[in-house]
Amino acid sequence: MSVAIQTIAELRGVTKIFGDVVAADSLDLAIGEGEFLSFLGPSGCGKTTALRMLAGFEKPTKGEVLLDGQVVNDLDAHRRPVNMVFQHYALFPHLSVSDNIAYGLRQQRPRIERKIISAKVEQALETVRLGGFGPRRIWEMSGGQQQRVALARAIVNEPKLLLLDEPMAALDRKLRKEMQIELQNLQRQLGITFVLVTHDQEEALSMSDRICVMEGGRIVQVGSPRELYDTPRSRYVAGFVGTSNFFDATVTDASPNHITVQMASGRQLHGTPEIPIDTGQAVCVSIRPEQIALTRAERAAEAALPVTIHNRIFLGEHTEYLARNEALGDFLVLVPRQAELNEGTFNAGEQAFVSWDEGALLILEK
Amino acid sequence: MTQRGRNALLLTPAGLWLLVMLVLPLLVVFVFSFGERGAAGGYVPAFTLEQYANLPARWTAFKNTLILAPLGTIAALLIAYPLAYFLAVRCAPRWRTSMLILVIVPFWTSILIRSYAWIFILGGRGLPALLETIGINDVRFINTPFAVLVGIVYGYLPLMVFPIFVSLDKLDKRLLEASADLGSTPWRTFRQVTLPLSTPGVATGCMLVFILLMGEFLIPAILGGGKVFFVGNALVDLFLQSRNWAYGSAVAMTLVIIMLITVSIYMKFISRLGGHRDDVSLM
Amino acid sequence: MTKDNGTISKQKFMQELRRYQKGSVTRRHFLGVTGLGMATTVLGTAMPGLLPRPAFAAGDIGDRVILATWPNYHDEMNFEAFTEATGAHVQVNVFGSNEEMLAKLQAGGSGWDVFVPTNYTITTYVGEDLIIPLDTSKLPNYDAGSFEQRFSDAGSVDGTLYAVPKNWGTTGFAVNTSKLDGAPTPTTWKEFWDLTMAGYSGRTMVHDYQLTTIGNALKYFGYSFNSVEEKELADAEKLLLDAKPHLFAISSDYQPPMRNGDAWMTMCWTGDGKQLNVDMPEIAFVLGAEGGELWSDYYAIPKGAPHMDAAYALIDFLLNPEVNAKEVLAHGYPSADARTNALLPKELLEDPILYPAAELLNALEFGAAATLTDPNRAELLARFKSA
């Protein structure tokens, strides 16, 4: 995690209500200078509203939006030193590529000299690898190229915050991968703070320094991709960041750092808590597929459960198995190629055991 | 059937229609314009340029038309644009349909009847009487060019509002946000984004209204009291009253030629102004 | 309803009449004075298929007859009676001016069986071979002797009968006397024009119709209403151009501005004059002492009429004095038929506007065919209007 040195933007208790819909509910978040932060969540979770309040398109119903330490609630979008890459780029169809990029610079008062503008535009075109495309018309550009024009149009203004609203949604998978890398490089190269909104966990995990997971207008957890993956606080976050196996359970012993839960089947398991836990509490336990070992012999591990193999999907570096325990239900197990070579391939209908190491079982909010 | 054959088939009805309803009549008018008036009116075949030489006798009609048609177009545009802008951009969607219907409703009534209503509004017991109550005396509206202008703008407003509304409505509102995001004030956003992107609508609206105004005769007849004379009125008189078909044809041909010239200049101007692909949709 | 119709007074008159029939305050007063208003004319019923057909037809004249006429110029009940008697439905086409009628007949294929031309157009129709001589044996109700001759003359051309009289009227001017500031009511066309360019500046209307507007300008100089003399027309044009800046409007739709006070004086047809005077006694109807126009409408049959027998049957039916009296009561225009007049109320026949004094009437002229078709007069009016 790259530690935020200085806060450049901040949401303080920000709430936004549209009619009777609470789109954003008391958001508190500090964005550090030079950071790459992503808002992650399904549609309607409030991530876009948060972004639009940073941009100045929406005014918070309650709370404060700060930029550079100043409350900017009443500052119109066109006065904020913030630029956005829109979901469908929103390029001006009546202007050429370079006129699109120069648009922001031309709005500045006092006016910037023409020569400087064209130099900056050229440079921005080079930065997004579109040198020579300046005189083109927007409709002559491919989707990927338009995306870069949109990017150039924003970064040429050297904004304090670059807001990206699902910028990759319209690109195909391969192009998206490329763009993800390019965006990351660009962010490092320019040192501009990036705030990305996405519903794609892979995109968020691969690019961000920090991810802010949202649900129903609230921020549910903020942290580095690794933190969110390893120590999710809720079933929602664990489910959204990567895949996991979830089971309902009740806490029977809430000793610090060592929790015992009882599964619906009556089986007792031990796990690590990510939240304060009381005895008797109904919780959710989570175990990541790649942390489960699949063996033919019962291992002397923390827990070993007998399962029947139901399905197998070969994924190259991994093989994904669906294994069923009579009492607990289905387990998704991800077996690395090497482990599979050691143990041999399991066939459907075969009997086997699943097991995991101490501490792999996470106790989460239900 | 070949693609070409199918295309030909698609165009046949329109082609025939144009041939019978436009090309042939225009040809007839063209031929008539070189003829002479019969003793009891009508047309007698001849080849003479006399009718064209006599055109200056209708100079006032041409002058009035060429002043009031563009003026009416501009006035309609100045009123229609803000209205269309409000409907397309500002109006809450749940009100939009009813507001649009309100714009159309007057079209359900004949323009004749609507223009008659203006006789009473602009007549002595209408607006002038109202003005008298605040001390402004002896104002005359009815039977003046101003009254004709009012009638024109009123009658043709929907024709101007709709194309502009459509172009503003399909304008991607995110472009306005993008412009604001890039530091443009609302006014500059309007000038640099909204206005250029609505030129196709403006062009279509102006064209529709202008062309129709060039041939207008009803509103000047009703609200101009026969004193504000358009080419259309001259034509009605020539064909229905004095039945001088040859001269009428010459006047009509001249009007057609003037319209062709103005419209083609206008099209050139507009296509240069906009220059982006959507402008092809003009007309 | 538009501006270019010469004989519009008929339409306007009936419009006003209907307005009062709809129950405005002056209704009873209006009906009492004029003796009009039993009937409600309904025009344009062009859907014979929808109408109930009689069980049998009185004669084999076909199922319809097509009549081209002026607006509000008939009693619809008479048409119904005709249909009942003959089985032929009357389909009515309404026109605004003689010029329009002429244009339609000249273009051919009008489909009309009977139409209603005004006196001065008949020789043109004959000259253009557009109407047929009438066979009086098929018109038993036509009695040439019962018509006042001046109103039936124009129906015959070179001794051949082409048209039979319908109704007649005059053209004078209406003046709002309350604006005269005590000056006497003008009685001549000279006073009409002088007043226009003086005290009534901006308040006078003239017809949008060359026959009357030029004719009444000619009267200023004492020339014939029908003059086509170059010099005389030049004088009239000068007068018209001088007067134009003082005009309120050039329009045949003069009743509304006269009523609301925008206009104080206008050229005016009999029916309108009567109507204005009834509602606003301060508006006087004046026949210029120098003369002016007298007109008479006729029934005629166009060449190639598709339902010839029905055409004769309809004309004959409408010439029946009892039927004709109902017509007059419905539309309010005088008839020239002594048999019809004998059936009309005395107040109507004694009305000075509808039936002017003989000496005023004698000064009037019928519009001439040459006047109507004269290209110079048409062009003069156009110059006047577009000046």
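As recorded in an unreviewed UniProt entry, chain B goes by Spermidine/putrescine transport system permease protein and comes from Aliiruegeria lutimaris. UniProt lists a comment for chain B under the heading Sequence similarities (unreviewed entry), and it reads "Belongs to the binding-protein-dependent transport system permease family. CysTW subfamily." Here chain B is described in UniProt, under the heading Subcellular location (unreviewed entry), as follows: "Cell membrane".

The name given to chain A in an unreviewed UniProt entry is Spermidine/putrescine import ATP-binding protein PotA, with the source organism recorded as Aliiruegeria lutimaris. Per UniProt, chain A has the following entry under Sequence similarities (unreviewed entry): "Belongs to the ABC transporter superfamily. Spermidine/putrescine importer (TC 3.A.1.11.1) family." UniProt's Subunit (unreviewed entry) comment on chain A is quoted here verbatim: "The complex is composed of two ATP-binding proteins (PotA), two transmembrane proteins (PotB and PotC) and a solute-binding protein (PotD)."

1. As for the sheet that holds strand β5 (residues 70-71) of chain A
Residues and elements named next belong to chain A. Read across the sheet, four strands follow the order β2-β1-β4-β5 without closing on themselves; strand pairing throughout is antiparallel. Edge strands, defined here as strands with exactly one partner in the open sheet, are β2 (21-32) and β5. Pairing of strand β1 (residues 7-18) with β2, which is carried by eight bridges, proceeds in the antiparallel orientation. Residue L11 lies in a different strand from β2, and its bridge partner there is L29. Those strands touched by helix α1 (residues 47-55) are β1, β2 and β4 (62-67), and its axis lies near 120 degrees from that of β1.

2. Digging into a nonpolar patch on the surface
Judged by side-chain polarity, L16, W17, L18, L19, V20, M21, L22, V23, L24 and L27 of chain B come together as a nonpolar surface patch covering roughly 950 Å² of accessible area. Within the element layout of this structure, L18 of chain B appears in helix α1 (residues 3-32).

3. Some points on the interface of chain C and chain B
Across the contact, 36 residues belong to chain C and 32 residues belong to chain B. Linking chain C with chain B are two salt bridges. Between K385 of chain C and D237 of chain B there is a salt bridge, with its nearest N and O atoms 2.4 Å apart. Inspection of the chain C/chain B interface yields eleven residue pairs in polar contact (both at pLDDT 80 or more). Secondary-structure elements contributing two or more residues to the side of chain C that touches chain B are α4 (98-107), β8 (247-250), α10 (255-260) and α18 (375-386) of chain C. Ranked by residue count, the leading element in the side of chain C that touches chain B is α18 of chain C, at six residues. In terms of residue class, the side of chain C that touches chain B is made up of 13 nonpolar, nine polar and 14 charged.

4. Topic: the UniProt feature "domain: ABC transmembrane type-1" (unreviewed entry) in chain B
UniProt marks residues 62-268 of chain B with the feature "domain: ABC transmembrane type-1" (unreviewed entry), using the numbering shown here. In residues 62-268 of chain B, helix accounts for 79% and strand for 0%; the two terminal C-alpha atoms are 24 Å from one another.

5. Re α1 of chain A
Side chains that are three or four residues apart share a direction in an α-helix, a result of its 3.6 residues per turn. All names here are of chain A. Burial of α1 is extensive: eight of the nine residues sit out of reach of the surface. Buried within α1 we find K47, T49, A50, L51, R52, M53, L54 and A55. One or two steps after α1, the chain reaches G56, where phi turns positive at roughly 100 degrees.

6. A closer look at the interface of chain B and chain A
Taken together, the contact between chain B and chain A spans 20 residues of the former and 24 residues of the latter. Of the roughly 2000 Å² buried at the junction of chain B and chain A (both faces included), carbon and sulfur atoms supply 60%. Taken as a group, E177, D181 and L182 of chain B account for 34% of the area that chain B buries against chain A, more than any other trio of residues on that side. Linking chain B to chain A there are one salt bridge. At the boundary of chain B and chain A, one finds ten residue pairs in polar contact (both at pLDDT 80 or more). Counting residues per element, the ones that place at least two in the side of chain B that touches chain A are α8 (173-181) and α9 (186-214) of chain B. Residue classes in the side of chain B that touches chain A are distributed as eight nonpolar, seven polar and five charged.

7. A look at the packing of aromatic side chains
Counted according to the given criterion, the structure contains 35 aromatic pairs over all chains. Pairing F173 of chain C with F192 of chain C gives two aromatic rings, centres 5.1 Å apart and planes at 50 degrees, and the pair type is tilted. Residue F173 of chain C is found in strand β6 (residues 163-176), and its partner F192 of chain C is found in helix α7 (residues 189-196); the two are separated by 19 residues along the sequence. Summarising the burial analysis for this pair, F173 of chain C and F192 of chain C share the class buried. Note on Y220 of chain C and F221 of chain C: the rings are 5.0 Å apart at their centroids and 70 degrees apart in plane angle, and the pair reads as edge-to-face. Note on F221 of chain C: relative accessible area 32%, which makes it partly exposed. Taken together, the ring pairs in this structure connect F30, F34, F47 and Y52 of chain B into an aromatic cluster. Over the ring of Y229 of chain A we find R288 of chain A, and its NZ or CZ is 3.9 Å from the ring centre. Taking NZ or CZ as reference, K166 of chain C lies 3.8 Å from the ring centre of Y73 of chain C, over its face.

8. Focus on the pattern of salt bridges
Pairing between side chains of opposite charge can happen when their charged atoms approach one another. Enumeration according to the criterion identifies 36 salt bridges over all chains in this entry. In this structure, D351 of chain C and K274 of chain C form a salt bridge, with 2.4 Å as the shortest nitrogen-oxygen distance. Remark: K274 of chain C occurs in helix α11 (residues 270-279) and D351 of chain C occurs in the loop between α15 (346-349) and α16 (358-363); sequence separation between them is 77 residues. With respect to burial, D351 of chain C and K274 of chain C carry one shared label: buried. A single network of salt bridges, built from pairs that share partners, joins E10, R12 and E64 of chain A.

9. Concerning the nonpolar core
The biggest cluster of nonpolar side chains holds 143 residues, and the ones touching the most others in it are F115, V164 and L314 of chain C. Broken down by element, the residue count for this core peaks at 13 residues, all from helix α3 (residues 59-90) of chain B. Residue-level mapping places this core at the junction of two domains, with at least three residues from each of domain 1 (9-168 + 296-349) and domain 2 (170-293 + 355-386) of chain C. Core analysis: the next-biggest nonpolar cluster, separate from the first, contains 42 residues, I8, L27, A55 and L161 of chain A among them.

Rules behind the numbers
- Residues numbered from 1 in each chain as written.
- Chains lettered and ligands numbered in written order.
- Predicted model: local features only at pLDDT ≥ 70, side-chain atom pairs only at ≥ 80, totals over all residues.
- Heavy atoms only, no water.
- UniProt positions renumbered as here; feature names shortened; annotations may be inferred.
- Pairing = 2+ DSSP bridges.
- Helix = DSSP H or I, 4+ residues; strand = E, 2+ residues; numbered from the N terminus.
- Contact = heavy atoms within 4.5 Å.
- Axes fitted to C-alpha atoms, helices over the stretch in contact; angles between N-to-C directions.
- Patch = residues over 30% accessible without salt bridge, like charges linked within 9 Å, V, L, I, M, F, W, Y side chains within 5 Å.
- Areas by Shrake-Rupley, 256 points an atom, 1.4 Å probe, with all protein chains shown as cover.
- Salt bridge = Lys/Arg side-chain N within 4 Å of Asp/Glu carboxyl O.
- Polar contact = N/O pair within 3.5 Å; in protein donor to acceptor, adjacent residues only side chain to side chain.
- Nonpolar A, V, L, I, M, F, W, Y, C, P; charged D, E, K, R; others polar.
- Buried < 20%, exposed > 50% of the residue type's maximum accessible area, 1.4 Å probe, protein only.
- Buried area = accessible area lost by both parts, 1.4 Å probe.
- Phe/Tyr/Trp six-rings, centres within 6.5 Å; stacked < 30°, edge-to-face > 60°.
- Lys NZ or Arg CZ within 6 Å of the ring centre and 35° of its normal.
- Core = buried A, V, L, I, M, F, W, Y, C linked by side-chain atoms within 4.5 Å.
- Domains from an automatic or database assignment.

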